[in-house]
Amino acid sequence: MTDEFARMFKTMVEQGQDMVRAFSPGLEAFQAKGLEALFPTMPKDMLELWFGKTLNPDGLDAKTRLLVTIAALTVLGAQAEPQLRLAIRHALEAGATQREVAEVIWQMSLFGGLPAATKALEIAQDVFGGTGEKTA
């Protein structure tokens with residue numbers, strides 16, 4: 001994301017928040033479904049730079065960090081849908097397979113419950129369908 005785009009996006013979000021406050025303060029926490037589509041999927045090299053071993057050579061790679069993020073977001077349930085969609089897209093770009101994503105989500109059913117895992121799997125399948133990859 002370029003600095004110019006980041007500034008434009010920040011201004012757009014701030015203006016939107018001001019407008020929502022003016023129209024209806026109760027809508028301030030509203031999250032439009034599909035908002036995550038505004039954020040591009042980062043290339044694998046950039047993911048590794050920001051989330052992988054570049055800054056912590058002995059730490060987790062980007063793929064593992066993103067799978068851990070998917071686990072945490074799964075346990076949070078439907079309240080984290082936009083973030084989960086974005087994390088799944090980035091995990092796939094970082095080298096995770098669809099099967100690995102699904103296994104992480106199912107593992108979290110033990111901690112977040114079946115409803116949270118089922119919703120996360122629905123989200124993952126939707127993301128998988130948008131990647132153009134064959135669903136495993």
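In this report, the structure presented in the accompanying data block is examined. Treat the numbers as computed from the prediction; the structure is a model and nothing was measured.

### Thoughts on the overall build of the protein
- Looking only at helices and strands, the protein features 6 helices and 0 strands.
- Walking the protein from its N terminus toward its C terminus, one meets helices and strands in the order α-α-α-α-α-α.
- In the protein, the proportion of contacts linking residues at least 24 apart, taken out of those at least 6 apart, comes to 62%.
- Entry remark: accessible area of the protein is about 8,800 Å², with carbon and sulfur atoms responsible for 60%.

### Focus: the pattern of salt bridges
- Evaluation of the coordinates by the stated rule reveals 5 salt bridges.
- Ionic pairing is found between glutamate 81 and lysine 119, a salt bridge with its closest N-O pair at 3.8 Å. Taken together, the residues span a long stretch of sequence, with glutamate 81 in helix 4 (residues 81–93) and lysine 119 in helix 6 (residues 114–130) at a distance of 38 residues.
- Residue classification places glutamate 81 among the buried positions, given a relative accessible area of 12%.
- By relative accessible area, which is 26% here, lysine 119 ends up partly exposed.
- Here glutamate 103 makes a salt bridge to arginine 99, at a shortest N to O gap of 2.9 Å. Here glutamate 103 and its partner arginine 99 are both found in helix 5 (residues 98–112), 4 residues apart, which amounts to about one turn of the helix.

### A look at the packing of helix 3 (residues 62–76) against helix 5
- Two numbers describe how helix 3 lies on helix 5: the axes approach to 8 Å, and their chain directions differ by 40°. With respect to their mutual orientation, helix 3 and helix 5 come out oblique. As helix 3 packs across helix 5, the resulting crossing turns out to be right-handed. Residues Lys63, Leu67, Ile70, Ala71, Thr74 and Val75 of helix 3 form the contact with helix 5, whose participating residues are Glu100, Val101, Val104, Ile105, Met108, Phe111 and Gly112.
- In terms of residue class, the contact of helix 3 with helix 5 is made up of 9 nonpolar, 2 polar and 2 charged.

### A short note on a nonpolar patch on the surface
- A contiguous nonpolar surface patch, about 330 Å² in accessible area, is contributed by Val75, Leu110 and Phe111.
- In this structure, leucine 110 sits in helix 5.

### Topic: helix 3
- Given a rise of 1.5 Å per residue, 15 residues ought to cover 21 Å, and the 21 Å separating the end C-alpha atoms of helix 3 matches this to within 8%.
- Looking at helix 3, one finds that the buried residues are Ala62, Leu66, Leu67, Ile70, Ala71, Leu73 and Thr74.
- With its phi angle positive at about 85°, glycine 77 sits one or two positions after the end of helix 3.

### So, the packing of helix 4 against helix 6
- Here helix 4 crosses helix 6 at 50°, and the two axes come no closer than 10 Å. When the interaxial angle is binned, helix 4 and helix 6 end up oblique. Here the hand of the crossing between helix 4 and helix 6 comes out right-handed. Across the interface between the two elements, Glu81, Leu84, Arg85, Ile88, Arg89 and Leu92 of helix 4 pack against Lys119, Ala120, Ile123, Ala124, Asp126, Val127 and Phe128 of helix 6.
- A per-class count over the contact of helix 4 with helix 6 returns 8 nonpolar, no polar and 5 charged.

Scoring rules and cut-offs
Residues numbered from 1 in each chain as written. Predicted model: local features only at pLDDT ≥ 70, side-chain atom pairs only at ≥ 80, totals over all residues. Heavy atoms only, no water. Helix = DSSP H or I, 4+ residues; strand = E, 2+ residues; numbered from the N terminus. Contact = heavy atoms within 4.5 Å. Areas by Shrake-Rupley, 256 points an atom, 1.4 Å probe, with all protein chains shown as cover. Salt bridge = Lys/Arg side-chain N within 4 Å of Asp/Glu carboxyl O. Buried < 20%, exposed > 50% of the residue type's maximum accessible area, 1.4 Å probe, protein only. Axes fitted to C-alpha atoms, helices over the stretch in contact; angles between N-to-C directions. Parallel < 35°, antiparallel > 145°, perpendicular 65-115°, else oblique. Left-handed = near helix turned anticlockwise from the far one by under 90°. Nonpolar A, V, L, I, M, F, W, Y, C, P; charged D, E, K, R; others polar. Patch = residues over 30% accessible without salt bridge, like charges linked within 9 Å, V, L, I, M, F, W, Y side chains within 5 Å. Expected span 1.5 Å × (residues − 1).

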